[in-house]
Amino acid sequence: MHSMKAQLTSLLLLFPMVCPAQTPDGTEILKRMDANLTSDSRVFTSKMIIHGRRSSRTVESKTWSMGDRKAFTEYLSPPREAGTKMLKLEDALWIYSPSTDRTIQIAGHMLKQSVMGSDLSYEDMMEDASMADQYEATVTGTEQVNGRPCWVLQLEAVKEDVTYASRKVWVDRERYIPLKEELYAKSGTLLKKTEVFDVKRIDGRWFPGKIVFRDMLKQGGGTEFIIESIEFNAEIPEHLFTKAALR
Amino acid sequence: MTAIKLAYRNLIGAGLRTWLNVIVLSFSFVMIIWMKGMLDGWDRQARIDSIEWETGGGQYWHENYDPYDPFTFEDSHAPLTPEQENLWQKGKLVPVLITRGTIYPGGRMQNIVIKGIDVNQKLLSIPTARLDTSVYGIPAVVGSNMAQNSRLKKGDRVVVRWRDANGTFDADEVVITGIFNTTVPSIDAGQIWIPLKDLQRMTLLENEATLLVRDNTEAPMPAFAGWKFMEQDELLKDIETIIKSKTAGTSVFYMILLLLALLVIFDTQVLSVFRRQKEIGTYVAMGMTKKEVVTLFTVEGGMHAVLAVVVGAVYGIPLFIQQSTQGISFGLSGQDIGITMAETLYPLYSMELVISTIFIIVVATTFVSFIPARKISGMNPTEAIKGKIQ
C-alpha cells in the first residue's frame, strides 16, 4: 500500500529518461525511479473517486508539497469534507476538521485507517522511504502494458517492517514510470493492484492522468485518483507548512 | 387474637367486595414476583453463560489491553512466562492472542478481530476441539451471529488478511470448521477463533498472548508482572449494569401496580369507617377501647394482603413452576441487541424474592388500612352508635 504514494510521487516527478540499450539491473531501475522522487515543489488539484459496492463518491482536493517531507492538502468537496485540511511535516501528520474546529494528530495505529474511505491509508500518505532501500529488485522479463514496452521487476523485501512482502512492478522502458504494480502478502496472495492511465508530458515531465488502486480481495471498482491540474516548481509560501495554516 | 378472628369473620362476611379487593391485590403481587423473577433469571443465566463462555474465574490482561479499543491490540501481547505455561499445561489458564484483521466473505470487506485459542482447552465452552482438524487453510470457528452477518456456513472458505508484528500484510484462507451458538455476544460478534499456534505463527508472536483466562475456582493464583488481573465480578459488571437499569425501569411498573392495589384497599377502608359507624359505636359500647377498634379495622385491611397471598399462590405457583421449567421465549435473542440474553429466559423465583415481596405488600397494605382507621379514635361513641355521620 505504501508504494502508492511513492508511485504517485514518482509518477508526478519523473523526468523523461532514455531507454538504455541493454537490460539494466533491477536495483538500477529502482534507483532511477527513486531518484525521480526528489523534486522542489508542486501544486496539484486532484479528484479521488471511491467506488463502493453500491455507489461511488468523489473527493476533490488541492495539494501543495515541498520535496516529499512537507505537504499540505485541503479538501474542496463534497460539502461534508470541504474545508478539511491535512498537514504532513516530516514524520508527523495533523488533520483539521472544520465541523469540530479541532486539529488532531494522526499517530500510531490510526495511521492504518483509510483516508476518506478510500483504498489509501494515512500510512500510505506518510510513506516516503526509498523503494531501493526496502526491496531487492530483479528484472524478470519484458511485457507490454497498454501498448508500452515495460521491464517486469520482482521486488522482495529486504527489511522486516515493510507493508508488503513482495511486489511486481511493470516499469515503462522509455519513461521509467511504473505503469502497473501488484502488491503481495507474505503468503503470496495478491492483495492490491495499481494501474496508471493517461500518461501525459507536461513541462518536460511525464505524469499520469489517472491512477486506479484496487483491493483485489474485495469486489468493487477500487479508487480512481485523477490529476486535474499540476504545476511544478511553483512558489509555495513557507507559512503553509505550519500548524497555524490548518485553521 | 380476637381482632384477627373478628377481622377474618368481617372480611368473609363482606363477600364479593372482599374477594374483588383480594383478587386485585393478588394480581399485583403475582405480577411483581413474575417480573422480578424474570430479571433474576436473566441475571443468573447471563452470569453463568458469561463465566462458561468468556470470563472463566477471572482474566489476566496484558497491561496495554483494552477490549474497547482495538487499536491497542497490536501493542498488548507478551511472551508467556514458564510459570504461566505450567499453569496452562495443568488446565488452570487458557491463553488467548488477539489481533485485528479483515475478512472478505463474498468479496465484501469486513473488519474483524482474530482470536487465537488453545485447541485443547476445556476451560471455556467455545468448541475449540473443532479447530483440531486437518484442513487446507486455517481452521476457524465462529459464533452463529457472526456466521449469519457474514453469511458463512460450515465448510466455507474465506480470505482473511492481517498484519504481522512488523506491520507486513499477510493473507490466507480460513476454513469454517464449526459454528457455535452462544448467548454471549462479546465472543461472537465480529470475530473468528482460530488455533493459538496458528495465530502466533501468522503474527510472528511465538508463545505470546494478550490475555489469560483462569479456571473458575477459588484456588489462589499468583500475580504476574506486566499483567493486570481482572476479577470475575469486574468482568461481569456490564451484566450487572444492564440488570440494574432494567430493574430501575421495571420498578416504576411495580410502583404503579402496587399503588393501584393499595388505592383499592384505602378506598375500602375509608368506606368501612364511614358506613360502619353504628358497628364501631357498638364495639365501644360493648367494652372495646377505641385503640382496639382501630386495630380491628387495621387488621381487617391488612388481612386483604394475607388473603391475596393465598389467592395469588393458587394461580401463581402453577404459573411460576411452568415458566421456570419451560422458560419464556420473546422471539428475540440478546445477540440481536448486543447483550448477553438467551432467546428463552428461565425466571428465577427465589424464596428471598417471594418473602420480601410478601412482606412489602403486607406492610404497605396494613399501613394504608391504618390511615383511614385512625379516624375512629376521634369518634364520639354515642354519636357513632346512633349512626350519625361524624
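About the thresholds
- Residues numbered from 1 in each chain as written.
- Chains lettered and ligands numbered in written order.
- Predicted model: local features only at pLDDT ≥ 70, side-chain atom pairs only at ≥ 80, totals over all residues.
- Helix = DSSP H or I, 4+ residues; strand = E, 2+ residues; numbered from the N terminus.
- Buried ≥ 20, exposed ≤ 12 C-beta atoms within 10 Å, placed from the backbone.
- Core = buried A, V, L, I, M, F, W, Y, C linked by C-beta atoms within 7 Å.
- Contact = placed C-beta atoms within 7 Å.
- Axes fitted to C-alpha atoms, helices over the stretch in contact; angles between N-to-C directions.
- Parallel < 35°, antiparallel > 145°, perpendicular 65-115°, else oblique.
- Left-handed = near helix turned anticlockwise from the far one by under 90°.
- Nonpolar A, V, L, I, M, F, W, Y, C, P; charged D, E, K, R; others polar.
- Domains from an automatic or database assignment.

A. Spotlight on unusual backbone geometry. Cis peptide bonds are those with omega within 30 degrees of zero, and the linkage from A:Ser77 to A:Pro78 qualifies with 0°. Within the secondary structure, A:Pro78 sits in the loop between β3 (70-77) and β4 (85-89). Unusually for a residue other than glycine, A:Tyr176 sits at a positive phi of about 55°. With a phi close to 60°, B:Leu204 is a non-glycine residue in the positive phi region. Mapped onto the secondary structure, B:Leu204 falls in the loop between α5 (196-202) and β9 (208-209). Under the C-beta neighbour-count criterion, B:Leu204 is labelled partly exposed, with 14 such atoms within 10 Å.

B. Up close: the nonpolar core. Residues and elements named next belong to chain B. Judged by nonpolar contacts, the single largest core of 55 residues is most densely connected at Val94, Val96, Ala140, Val142, Ile192, Ile194 and Val213. Beyond its immediate chain neighbours, meaning those up to four positions away, isoleucine 192 contacts Ile112, Ile114, Ala140, Val142 and Val174. Of all hydrophobic cores here, the second largest spans 34 residues; its members include Ile32, Val293, Val306 and Ala308.

C. Geometry of the environment of A:Ile106. Residue and element names in this part refer to chain A. Mapped onto the elements of the fold, isoleucine 106 is located in strand β6 (residues 102-106). Judged by C-beta crowding, with 20 C-beta atoms within 10 Å, isoleucine 106 ranks as buried. The spacing of isoleucine 106 and lysine 159 is 53 residues in sequence and 24 Å in space, taken between C-alpha atoms. The residues contacting isoleucine 106, other than those within four sequence positions of it, are Leu93, Ile95, Leu111 and Tyr122.

D. Inspection of the packing of helix α2 (residues 16-55) of chain B against helix α9 (residues 290-326) of chain B at higher detail. All names here are of chain B. With their axes 8 Å apart at the nearest point, α2 and α9 run at an angle of 50° to one another. It follows that α2 is oblique to α9 by the angle criterion. Like other packed secondary-structure pairs, α2 and α9 cross with a definite hand, here right-handed. Counted together, Asn21, Val22, Ile23, Leu25, Ser26, Phe29, Val30, Ile33 and Gly37 of α2 and His304, Ala305, Leu307, Ala308, Val309, Val311, Gly312, Gly316 and Phe320 of α9 form the full contact between these two elements. Per-class residue counts for the contact of α2 with α9 are twelve nonpolar, six polar and no charged.

E. Expanded view of the packing of helix α7 (residues 237-275) of chain B against helix α11 (residues 351-373) of chain B. Residue and element names in this part refer to chain B. It is the contact of α7 with α11, at a shortest axis distance of 8 Å, that shows an interaxial angle of 30°. Here α7 lies roughly parallel to α11, going by the angle between them. Once α7 is placed against α11, the crossing between them reads as right-handed. Taken together, the residues of α11 that come into contact with α7 (itself represented by Leu258, Leu262, Ile265, Phe266, Gln269, Val270 and Val273) are Ala364, Thr365, Val368, Ser369, Pro372 and Ala373. The class makeup of the residues in the contact of α7 with α11 is ten nonpolar, three polar and no charged.

F. Highlighting the interface of chain B and chain A. Listed per partner, the contact involves 15 residues of chain B and 17 residues of chain A. The element best represented in the side of chain B that touches chain A is strand β7 (residues 169-180) of chain B, accounting for four residues. Class assignment of the residues belonging to the side of chain B that touches chain A gives a composition of six nonpolar, four polar and five charged.

G. Representation of the domain arrangement of chain B within the structure. All names here are of chain B. Split into domains, chain B comes out as domain 1 (2-52 + 238-386) and domain 2 (58-215). For domain 1 and domain 2, the distance between their C-alpha centres works out to 51 Å. Contact residues are listed per partner, giving ten residues for domain 1 and eight residues for domain 2. For the side of domain 1 that touches domain 2, the secondary-structure elements that each account for two or more residues are α2 and α10 (334-337). Sorting elements by how many residues they give to the side of domain 1 that touches domain 2 places α2 first, with three residues. Residue classes in the side of domain 1 that touches domain 2 are distributed as three nonpolar, five polar and two charged.

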